Amino acid sequence: MNRKRKLAMSVGAGLAPLLVMTLPVSPASAHGYIDSPPSRQAQCAAGTVQCGPIKWEPQSVEGPKGLSSCSGGNSQFADLDDDAKGWKVTPVGSTTTFNWTLTARHSTSTWQYFVGGRKVAEFNDGGAQPPAHVSHQVNFGGITGKQKVLAVWNIADTANAFYVCVDVNIGG
Ligand SMILES: [Cu+2]
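Residues numbered from 1 in each chain as written. Predicted model: local features only at pLDDT ≥ 70, side-chain atom pairs only at ≥ 80, totals over all residues. Heavy atoms only, no water.

Draft legend 1. Molecular detail of the overall build of the chain. Regarding its fold elements, the chain presents one helix and nine strands. Helices and strands appear in the chain in the N-to-C order β-α-β-β-β-β-β-β-β-β. Long-range contacts, defined here as pairs at least 24 residues apart, represent 64% of the contacts in the chain between residues at least 6 apart. As displayed, the chain offers around 8,700 Å² of accessible surface, 54% of which is attributable to carbon and sulfur atoms. (Helix = DSSP H or I, 4+ residues; strand = E, 2+ residues; numbered from the N terminus. Contact = heavy atoms within 4.5 Å. Areas by Shrake-Rupley, 256 points an atom, 1.4 Å probe, with all protein chains shown as cover.)

Draft legend 2. Layout of the pattern of salt bridges. The final tally for this structure, using the stated rule, is five salt bridges. Measuring nitrogen to oxygen at the nearest pair gives 3.0 Å for the salt bridge that ties Arg40 to Asp83. Taken together, the residues span a long stretch of sequence, with Arg40 in helix H1 (residues 40-46) and Asp83 in the loop between strand S2 (62-64) and strand S3 (90-92) at a distance of 43 residues. In this structure, the salt-bridge partner of Asp83 is Lys148, at a minimum N-O distance of 3.0 Å. Taken as a pair, Asp83 in the loop between S2 and S3 and Lys148 in strand S8 (residues 145-155) lie far apart in primary sequence, 65 residues in all. A single salt-bridge network, built from bridges that share partners, covers Arg40, Asp83, Lys148 and Asp167. (Salt bridge = Lys/Arg side-chain N within 4 Å of Asp/Glu carboxyl O.)

Draft legend 3. Representation of the packing of aromatic side chains within the structure. Tallied over the full model, the rule gives seven aromatic pairs. Aromatic side chains Trp111 and Trp153 sit 5.2 Å apart centroid to centroid with 5° between the ring planes, which places their arrangement in the stacked category. Of this pair, Trp111 sits in strand S5 (residues 108-115) while Trp153 sits in strand S8; the two residues are 42 residues apart in sequence, bridging distant segments of the chain. For the residue pair Trp111 and Trp153, the accessibility class agrees, reading buried in each case. (Phe/Tyr/Trp six-rings, centres within 6.5 Å; stacked < 30°, edge-to-face > 60°. Buried < 20%, exposed > 50% of the residue type's maximum accessible area, 1.4 Å probe, protein only.)

Draft legend 4. Quick look at the state of the cysteines. Inspection of the entire model under this criterion finds two disulfides. Between the sulfur atoms of Cys44 and its disulfide partner Cys51 the distance amounts to 2.0 Å. In this structure the cystine formed by Cys44 and Cys51 twists about its S-S bond by roughly -70°; its chirality is therefore left-handed. Here Cys44 matches Cys51 in class, with each residue buried. (Disulfide = S-S within 2.5 Å.)

Draft legend 5. Here's a closer look at the coordination of the copper ion. Looking at the copper ion, the protein donor atoms are His31 (ND1) and His106 (NE2), and they sit 1.8 to 1.9 Å from it. Linking His31 in the segment before strand S1 (32-36) with His106 in the loop between strand S4 (95-102) and S5, this pair joins segments that are 75 residues apart in sequence. Of the two residues examined, His31 and His106, each falls in the buried class. (Donors = N, O, S within 2.8 Å, 3.2 Å for Na, K, Ca; no water.)

Shown next, in the form of structure tokens:
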């Protein structure tokens, strides 16, 4: 969750003024990403490409639903939006399996895959809790060549989604 939880602790009636403590809770362990074919954040985590803080938490590219950016609108992960960063491009077939590792198994509405702004696949989980490893077979139809696939994991019980970009060469 990106949401900052606030822990308000009231410290006994005898103490004045009332003490209120605010603890930001680190999101570092949550969420998920595509590890194969190696996504941009997976390449950052593996050191294939030199990146900023995304390398420490490739699973944390969370943003509001409906975005189309690789960084999910997170400025600290802007590396992911840089198409010229030297991402390793994986040769794939016209039907390709995308494998997710989930570090938090959030109940899921849909998984969506876009190429060039066009949705090429959607998988509807209907709010179910996914396993820790999720795989989807995506058929690219007639799309070929070097493409940036944007995968979106839409969470059922929050307004947020997780964003992953994967650089592929279809039929390459
Ligand atoms: Cu999460």
